[in-house]
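Read off the chains here:
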Amino acid sequence: MPGVSLAIKGTTSGTTTNADGTFSVSVPNPNAVLVVSFIGYTNQEVPVNNQTTLNITLQPDAKALEEVVVTGYQTEKKADLTGAVAVVNLTQVKDIPAGNPMRTLQGRVPGLYVEATGQPNGGNSRVLIRGLNTLGDPNPLYVIDGVPTKDAQVFASINPSSIASVQVLKDASAASIYGARASNGVIIVTTKDGKGKEGQERISVQFNSNVSVQSEKPWRENVLTAEERGRALWQGAVNDRTNPTSALYTYDWNGDFNNPVLNKVNIVPIVGGDPLQPAGNTDWQDAAYERAIVTQQDLTLTAGTNKSSLLINMGYFKNTGMLKYTNFDRYSTRINAYTTFLNDKVKIGENMQLSRSSETLQVNDLGGVPTTELAVTLAPTLPIFRTDGTYAGPIGAGYSDRNNPVHMQYLNRWDKNNRLNAIGNVYAEVTPKKGLVFRTTLGADYSNSLFKNIEPAFQEGFLGRDINSLSLQQGNELTLTWANTANYQFEVGQHRINALAGTEAIRNDFQGFGAFREGFTTEDENYYVLNAGTGRSTNNGMVTGYRLFSLFGKVNYAYGEKYLASVTLRRDGSSRFGSENQYGLFPAFTLGWRINEEEFLKNIGAISNLKLRAGVGRVGNQEIGNIARYGLYQPNYGTRIGDHLNTGTAYDLNGANQGTLPSGYVQIQGENQSLKWESTEELNVGVDFGFLNEKLTGSFDYFTRRTEDILIQPPVASAVGEGKVKWLNGATKSNKGWEMLLTYQNTTPGGLNYSITGNAAHFRDKITELPAEVRTAYPGSVEKSIIGQSQLAVFGYKTNGIFQNQAEVDAHAAQTGKDVGRIRYVDLNNDGVINASDRDWLGTLLPSLEYGLRVDVAYKNFDLSVFGSGVAGKTGFDPARQFNSFLSVNQNNGPGVLNAWTPQNASSSTPMLSWVNNNDEFRTSDFFMVNGSYAKLRNVQLGYTLPAELTSRVKMQTLRFYLIGQNLFAIKSKEYLGKDPERIGGFGNWPQPTSYTLGVNVAF
């Protein structure tokens, strides 16, 4: 058997077996002991006993079943789990330079749905566990070393190399131990320690380093050149039978609208008559983007025995940003330590992480359009720079009021979002007798953020800003968690019981304040301080927080390793809810049956694991804001607007009609002391299986959940009076789905180790109850309401091709603006008129299926990992379809407009070009809302580990080099015209870059 590791116990020396399973190693003395290990087999310690030849037989180990996982305030064997808990393997992703561990989990965990962006900070636009279960905040709860947090940035700042395990609690029976915060699922993260093996001291140093090159070039949209855009504008004008000459173009053509022939496009050489701004042929994507360099280093020092341990992890991550003048960098430090004394009856320890990050991301122009969108859509005739070296901008007719994106990024290069995160805990455990453990933990989650926004004065064409300004916004948030638990494990005959009881108190406080100042005489970053401004100034501030107190308990029961059961109950009290419903109960109950332990299956060697499980439970959602239950009032001071005096709540007691008026208060929110939790009840049934001595393993889960008392804020009739809008419990949703995971692993006689893992998940949410007065805030109509549809359902018109001739136009239903070459909309209700009543449901923005496939191969010292994932059943807005189908008179288009419908090109699916939109073709329809399904090759990693006989000579335990390629290609629907299917929704979204990485892992 090749690739088996053999280490000399008590040293860092060792070797691995060759292709034929043989090995040779020098031992320090005849009584040395070899520690033999191999994936899928039981570790063995083999005494040398002065022998020169050893024959070692490894025993298969179903160790995955004996693996201990954290499930909330306690640990359980994986074999004993009866809820839907995903145990995440981070081995394959720890070296991927993503800036955020969540990015690396995309598509790898069934039921965990991640929508990523191309931002340099590794941000995600959406993270869902089993879909959408609320109309409010859908984000999961993170529990990091026992400290709960809703801040996804805390998880993002953890170095993957310091993570020991990640568990995803997906169903209510598994997550109910977290009660009112668990309706969107729970992600439990446990970090590493420096513990050594029994009786051994352990001192190690690990260093991981990589550098990557990122580029969005493979995903750039095709755009028109300056000459091509002129041709498209000419065609649109000729189709409209209007003079095509404009401020940007003149044309050499035959002037015959019935049989037009274009000889030449002439670009007006000067933009807006400004001699310093010659017309260009700018590729704005090429101008706005550049190659980004990503570096990632982390150093881990560990020292420990079975009594005490210390781990110090230091990391640095930097992304120079592929959008010009953007960047992200982060420093992080983790210190974990513990020690035991009094014969291991007392244990004290701490886990702490500090991280400091700074980022500059994309900005919006003066009109609020993101620079990522302008880089695609801005007119190519506009140059980047004027001839005097200053930035160019739109001048004269023919241009939109959109800014130069490169200039916008440059002006905002001094903007910074600085953030400090600290999360950790101190704890003490007392074990007065075997199996009984008392634990107290004090945890803290602290964040401090400071956003600096400098807005210099500038002039760019006819766009500009006369007054410069500085705004600062700071936020400080501290959450303290004090948890006390008692855990008792004991066995009586074949009965095994694990009982947990505990309390938890959480205090959250947030303070935010900001300041704004105008009028700085010098355009220098160091001069932009508040006191240096001479103009208008404002400030703001707020203080808020909440309290949560909980009692909880859980009992796990097993009989004869065959029959499993658990009961959970948590009682939460929250300051966020009204006095009439301030407390909630969250119970759960599960059953499990390990069928393979039954006598009738024990002799069937092909079945190594077969477990049925079922669970029901209730979880809650308290994410409604801290003041939703209160009646709110605020002062509204009178102000003069022109000749009108808006008195607000002020009153002119003296009748002078001048001066500052005294102000009262106006109600802005109604009180609701009966406000209560959103609650989710869920049924989950599943099966875990393993065949052929765990060569083939997997699981399947089916779930159905119902969320009630969802919080909404319905509008109030004007006659009731202002300020009566209040939060109510009034909506209900359902969600059903399934998840599947399947892995096959084996070793060939030639020593090739390989595994293939596939996963798939389906979910579909529906709104089942919603007050009529709230439905207007969601898609749908009176006849076809949102009831029975997903909250992210798409509602619009269906199309049926393009009118080919006047006879088709005349035969169709009444449709304002219909004409030859225009889109034909379907008359769904057959009333002979195209209107709002013909709209229907076109799909949902979330996929009905997500899947992933990973192949891992290892041969001798080489390892290869290939991973891909995708989604199906997703509908979304394709910005490239509009970009390639309809003329934008003041901005650029894609090359698809050059193949638009004409009588000579009647097979085209692109409508006839026009400068006007008489047919209202920008309405929501299946012309734009298309199939967003795709599959992507996300990651290919090739590694080589130097032989142990070489590295041991320099006292090195491991030396591995690797290459990684990310986001390499995509297979997408033909309906979707955009390059990147994950950019669905708009060009304002960051494109996902392709990156190539070179890295090294070193261990001593």
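Residues numbered from 1 in each chain as written. Predicted model: local features only at pLDDT ≥ 70, side-chain atom pairs only at ≥ 80, totals over all residues. Heavy atoms only, no water.

Worth spelling out the cut-off: UniProt positions are given in the numbering used here, feature names are shortened, and annotations may be inferred rather than shown by experiment.
As named in an unreviewed UniProt entry, the protein chain is SusC/RagA family TonB-linked outer membrane protein, taken from Adhaeribacter aerolatus. According to its UniProt record, the protein chain has this under Sequence similarities (unreviewed entry): "Belongs to the TonB-dependent receptor family." The UniProt entry for the protein chain carries the following text under Subcellular location (unreviewed entry): "Cell outer membrane".

Observations regarding the overall build of the protein chain
We count it as follows: To qualify as a helix, a DSSP run of H or I must reach at least 4 residues; to qualify as a strand, a run of E must reach at least 2; elements of each kind are numbered from the N terminus. We compute the radius of gyration over the C-alpha atoms and compare it with the globule rule, which gives 2.2 Å times the number of residues raised to the power 0.38. For the exposure calls, accessible area comes from a 1.4 Å probe over protein chains only, and a residue counts as buried if that area is under 20% of its type's maximum, exposed if over 50%, partly exposed in between. Residue contacts are counted whenever heavy atoms from the two residues lie within 4.5 Å of one another. Exposure was quantified through the Shrake-Rupley algorithm and a 1.4 Å probe, taking into account, for residues, occlusion by the shown protein chains and nothing else. Neither His nor the chain ends is counted toward charge; the positive residues are Lys and Arg and the negative residues Asp and Glu. Think of each charge as sitting on NZ of Lys, CZ of Arg, CG of Asp or CD of Glu.
What the protein chain contains, in helices and strands, is 12 helices and 49 strands. Taken over C-alpha atoms, the radius of gyration comes to 32 Å for the protein chain, in line with the 30 Å a tight globule of 1004 residues would show. Along the three orthogonal principal directions, the C-alpha set of the protein chain runs to about 100 × 75 × 65 Å. The 1004 residues of the protein chain split such that 50% are buried. Counting contacts in the protein chain only where the partners sit at least 6 residues apart, residues at least 24 apart contribute 68% of the total. Looking at the protein chain as shown, the accessible area adds up to about 43700 Å², and 55% of this sits on carbon and sulfur atoms. In the protein chain, 89 side chains carry a positive charge and 92 a negative one; their mean positions are 5 Å apart.

Some remarks on the environment of asparagine 596
Assignment of secondary structure puts asparagine 596 in the loop between β29 (583-594) and α9 (599-602). When the C-alpha positions of asparagine 596 and phenylalanine 689 are compared, they lie 9.2 Å apart, and in sequence the two are 93 residues distant. Once residues within four sequence positions are removed from consideration, asparagine 596 is found in contact with Leu601, Lys602, Ile607, Ser608, Asn609 and Leu610.

A look at the UniProt feature "domain: TonB-dependent receptor plug" (unreviewed entry) in the protein chain
Those places that UniProt annotates as "domain: TonB-dependent receptor plug" (unreviewed entry) correspond, in this numbering, to residues 78-186. The span residues 78-186 carries 12% helix and 28% strand; its end-to-end C-alpha distance comes to 17 Å.

Re the sheet that holds strand β13 (residues 186-191)
Rules: The pairing criterion for strands is at least two bridges between them, as found by DSSP. Angles run from 0 to 180 degrees between N-to-C directions of axes, and those axes are lines fitted to C-alpha atoms, restricted for helices to the stretch in contact.
Read across the sheet, five strands follow the order β7-β12-β13-β10-β11 without closing on themselves; strand pairing throughout is mixed. Each edge of the sheet is formed by a strand with only one pairing partner; in this case those strands are β7 (85-88) and β11 (147-149). Averaged over all pairs of adjacent strands, the angle between their axes in this sheet comes to 20 degrees, without regard to strand direction.

Quick word on the sheet that holds strand β1 (residues 5-8)
Pairing is antiparallel in the open sheet, where four strands are placed in the order β2-β1-β3-β4. Lying at the two open borders of the sheet, with one neighbouring strand each, are β2 (14-16) and β4 (44-47). In this sheet, neighbouring strand axes are inclined to one another by 20 degrees on average, regardless of whether the strands run parallel or antiparallel. Here four bridges tie β1 to strand β3 (residues 33-37), and the two strands are oriented antiparallel to one another. Counted as the bridge partner of serine 5 is serine 37 from β3.

Here we look at the pattern of salt bridges
Our working rule: Definition used for salt bridges: Asp or Glu carboxyl oxygen within 4 Å of a side-chain nitrogen of Lys or Arg.
One pass over the structure, following the stated rule, counts 52 salt bridges. Between lysine 452 and glutamate 525 there is a salt bridge, and its shortest N-O distance comes to 3.6 Å. Pair noted here: lysine 452 is in strand β22 (residues 436-455) and glutamate 525 is in the loop between β26 (495-518) and β27 (537-559), with a separation of 73 residues, a long-range link. Several salt bridges converge on common partners, so that one network encompasses Asp80, Arg496, Glu561, Arg594 and Glu597.

Description of the environment of phenylalanine 589
By the secondary structure assignment, phenylalanine 589 is in strand β29. Taking the C-alpha atoms as reference, phenylalanine 589 lies 9.2 Å from alanine 174; in sequence the two are 415 residues apart. Non-local contacts of phenylalanine 589, meaning those with residues more than four positions away in its chain, are made with Ser173, Ser566, Val567, Ala614, Gly615 and Val616.

Looking at helix α5 (residues 226-239)
Our working definition: Multiply 1.5 Å by the residue count of a helix minus one, and that product is the helix's expected span.
With 14 residues, α5 extends 20 Å from end C-alpha to end C-alpha; this agrees with the ideal 20 Å at 1.5 Å per step. Those residues of α5 that sit buried are Ala226, Arg229, Gly230, Ala232, Leu233, Trp234, Gly236, Ala237 and Val238. Next to the buried residues of α5 lie β15 (249-253) and β16 (262-267).

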